[in-house]
Every structure is written in C-alpha cells, then in structure tokens.
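Reading the structure
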Amino acid sequence: MKKLFFAFYFLVASQLLIAANIEGPFLILSTPYHADGTVDYPSLIKEARFAAQWDTAGVIWPQSNDSVDLLTKEERFAGMAALVGEWRKNPTKTVLALGVNGDDTEEMLVFAREAERLAAESGVNIVLAARPPYYGATEAEQQAYFDALAKVARRPVIIQTYVNDACPTPSVDFLVGLARKYPDIYGWIKEESDKLEANARQQSELEARDAIKTVFSAWGGWQWLYQRRQIGTAGLISERVAYAPIVSMIWKSMKEGDKKGRLTEAYALYRLLIDQRFLPYDSLRGYSLYYLVRLGLFGNMLSRTYATEPDGAHGTYTKENKSKWVLRDIELTGIQKAELDKCYDDMMKFVKKYYR
C-alpha cells in the first residue's frame, strides 16, 4: 500500500511541477528530411537538443501544418517515439510537448493515445498540444473533440486557437469553459487569432485567471514584446528553433523585468532575423532552414510541400489530399547567404556578451 501511495504521490507531484513550467518560449520543431524525402529522425533529435542546450522552455512536435498534413501516421509515431526516447536517455528542463492534432475526433484520439502510451512506458513527463479539428465547423463539434481528448489525456494540453479559415476560432468563453471543466487538462492557450483580435482575446483570457494558466503569443513573435509588456502573455510558441539563443535571452529578460536594460535591443535583433523579406521562401521553413544547416542540425534545406493548391489560406489539406506532396529545395544566392550570416553573427555576439 505504501508503494502505491508513493507512486501516486510522485505522479501527481511531477504533473504539478510540469504544469507550473508551461510558460516561456515553446519552439515548434521543423521536420528534417533526407535527400529521398523520408523523415530524418536523427536530425530532429539534434534540433530538439539544440533548443534544450539554450534553456528553451519547451519544444513541440509535430505541430505546424506541413508536419501534420504531410506526414503519415507511422512517421508521426516514429518521430514522437524518437523524441520521447531522447528525453528518457538525456533528461532536461526543457519540456517536451507532443502534438496530437487530427482532422476529426477519431484521428486526434489515435495520436493522443499514442502519446499517452509513450509517456506511460518511458516515464517521461510530456505535455500535449492540440488545435481544433479541421472539420470542426460548429462549437458543438469542437466541444465533442476536446471533451474526448480530456477523457484520454493524463497531462496538460496546450490549445492552439487557429487551425484554418473554414474552422471558426474557439471563443474565449469556450476556452475558459474548457479550463474550468477540466482544470488539470486545459487552461494553456496559444493565441494566434489575426492581427489586433489576438490582443483583445489575450486580455480577455488573462482576466479569467481562475481558469487560464498561461497565454502564449504566436505569429512568429511579431507582437511578442508588446503582448508581454502591455497585456501579460507568458511565452511564445513559434517554429523558430534556429533563433533559440536570442529567444531564450528575451524570455529571461522579460521574467527579470529587463533589469539589464537590453530587452528592446534583444527583441530588435530577433525581429531582424525573422523579417528578412528580401529573401524568397519567407514561410516558417523558408530561409530559417539555412540557419539549421549552418548550425549542423540539418543536412539540407529540403521540404515537403503541397502537390496542388491547398484547401484553405494557410496550407491545410482535406483528408483526401493530405498525403500528396512534392520535395522542394531552397536556393539562396551568395549575397543572400552573406546577409543571413551577418544577421546571425551579430545576434550571437550580442547573446554571448550579455547573456552567456
């Protein structure tokens, strides 16, 4: 009986500890590929370790559209297993979040159950990340989806508010209601509604502090500084692993109240890195892949891309088309690479001088 009690106590205590740490920058891992288009799992692990090396609060995979739409169930399972295995062998303070997004409730539950199985068998304290169902056109459908996830999940779930233009963004009242109904499961929100709407929603979400624990900024961090200082968001979720050094410095400065007076400069350098609009491929994977190759984390700049026109403004595919992809490489000129190198080198000089 004593052993059972202590096992239960340890489980509860560990979950409370990890729940308290769900804030700060959670960086979405880009999916690396071999030359033949298959997933490069060793590079995925190297990318995750790089983020952890820079004290990033958390990493999430799979989460971005291409890593959900264009990977098979088996590939997603294999990547999740590889990351959990790495966290088991080399424990770190960086929280591992596994994305369990699905087109519908049935598909989502397949990934949620697998994530729970991996956590139970490995003993790794992961969290989950989910977004509304692709086919969730009504609030009732979204409610059924998140109710079903709550019955399977044994750990906190970060909810991303946006999925596609066809699926309505869950209302603030809906998200607060979920957090009150399932206080150990919901209450962590990646708020990425469009433009100023996100700011208004974040303010409303943070007014419900009895239920909402953390509201993350999104959209690459374009309003992160404003949203932290003026609204009170507590982190960032974005596919920006190459920028982990400056992102971690920004978060540390935010938590310390900018006591060294370097927060605005650090954020300006981050914005410089993500705003290279003179380059082609300014998507999430775009020229950021150049930095991942330069850092020795990826072997190439290959991406799976949609074979035909996507169903929706942001690349999400219907169930019928989602398995179709083509392999695309990124080509940069010497001048473009030189400018990217200069921006990154200046960022690293700043980090090494004021952070490490």
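Refer to the structure printed above.
Conventions used here
Residues numbered from 1 in each chain as written. Predicted model: local features only at pLDDT ≥ 70, side-chain atom pairs only at ≥ 80, totals over all residues. Heavy atoms only, no water. Axes fitted to C-alpha atoms, helices over the stretch in contact; angles between N-to-C directions. Helix = DSSP H or I, 4+ residues; strand = E, 2+ residues; numbered from the N terminus. Parallel < 35°, antiparallel > 145°, perpendicular 65-115°, else oblique. Contact = heavy atoms within 4.5 Å. Nonpolar A, V, L, I, M, F, W, Y, C, P; charged D, E, K, R; others polar. Phe/Tyr/Trp six-rings, centres within 6.5 Å; stacked < 30°, edge-to-face > 60°. Buried < 20%, exposed > 50% of the residue type's maximum accessible area, 1.4 Å probe, protein only. Lys NZ or Arg CZ within 6 Å of the ring centre and 35° of its normal. Expected span 1.5 Å × (residues − 1). Arc of directions from axis to C-beta. Pairing = 2+ DSSP bridges. Salt bridge = Lys/Arg side-chain N within 4 Å of Asp/Glu carboxyl O.

Quick look at the packing of helix H9 (residues 224–231) against helix H11 (residues 263–274) now. Running from amino to carboxyl end, H9 crosses H11 at an angle of 150 degrees, the nearest separation of the two axes being 10 Å. The angle between the axes of H9 and H11 places the two elements in the roughly antiparallel class. Across the interface between the two elements, Trp-224, Leu-225 and Arg-229 from H9 touch Leu-263, Thr-264 and Tyr-267 from H11. Of the residues contributing to the contact of H9 with H11, the split by class is four nonpolar, one polar and one charged.

The subject of this paragraph is the packing of aromatic side chains. Applying the stated criterion to the full structure yields 15 aromatic pairs. Between Tyr-134 and Tyr-135 the ring centres are 4.9 Å apart and the planes differ by 80 degrees, which places this aromatic pair in the edge-to-face class. Residues Tyr-243 and Tyr-291 carry aromatic rings whose centres are separated by 5.8 Å and whose planes lie at 80 degrees to one another, so their mutual orientation is edge-to-face. Separated by 48 residues along the polypeptide, Tyr-243 in the loop between strand E8 (235–238) and helix H10 (244–255) and Tyr-291 in helix H12 (residues 288–294) bring together distant segments of the chain. Accessibility assignment for this pair places Tyr-243 and Tyr-291 in one class, buried. Over the aromatic face of Phe-111 sits the side chain of Arg-76, whose NZ or CZ is 3.5 Å from the ring centroid.

Over its 21 residues, helix H13 (residues 334–354) extends 30 Å from the first C-alpha to the last, a length consistent with the 30 Å expected when each residue adds 1.5 Å. Among the residues of H13, those classed as buried are Gln-336, Leu-340, Cys-343, Tyr-344, Met-347, Met-348, Phe-350 and Val-351. Axial view of H13: buried residues confined to an arc of 160 degrees, hence all on one face. Exposed side chains of H13 directed beyond 90 degrees from the buried face belong to Gly-334, Ile-335, Lys-349, Lys-352 and Lys-353. The secondary structure elements touched by the buried residues of H13 are helix H2 (41–53), H10, H11 and H12.

What follows concerns the environment of Glu-86. Looking at the element boundaries, Glu-86 is found in helix H4 (residues 73–89). Overall, the relative accessible area of 9% leaves Glu-86 in the buried class. Separated by 38 residues in sequence, Glu-86 and Val-124 have C-alpha atoms that sit 9.8 Å apart. Beyond its immediate chain neighbours, meaning those up to four positions away, Glu-86 contacts Ile-45 and Arg-49.

Another point: the sheet that holds strand E3 (residues 95–99). Strands sit in the order E7-E6-E5-E4-E3-E2-E1-E8 across an open sheet of eight strands; the sheet is parallel. The strands lining the two open edges of the sheet, one partner per strand, are strand E7 (214–216) and E8. Averaged over all adjacent pairs, the angle separating strand axes in this sheet is 20 degrees, with direction ignored. Here strand E6 (residues 188–190) pairs with E7 via three bridges, running parallel. Counted as the bridge partner of Ile-189 is Val-215 from E7. Packed onto the sheet, H10 meets strand E1 (24–28) and E8 and runs at close to 160 degrees relative to E1.

Before going further, it helps to examine the pattern of salt bridges. Applying the stated criterion across every chain yields a total of 16 salt bridges. The salt bridge involving Glu-86 is made with Arg-49; its shortest N-O contact spans 3.6 Å. Linking Glu-86 in helix H4 with Arg-49 in helix H2, this pair joins segments that are 37 residues apart in sequence. We classify Arg-49 as partly exposed; its relative accessible area is 26%. The shortest N-O distance in the salt bridge between Glu-265 and Arg-262 comes to 2.8 Å. Owing to a relative accessible area of 36%, Glu-265 belongs among the partly exposed residues under this scheme. Each of the salt bridges in this network shares a partner with another, and the network as a whole consists of Glu-114, Arg-117 and Glu-121.

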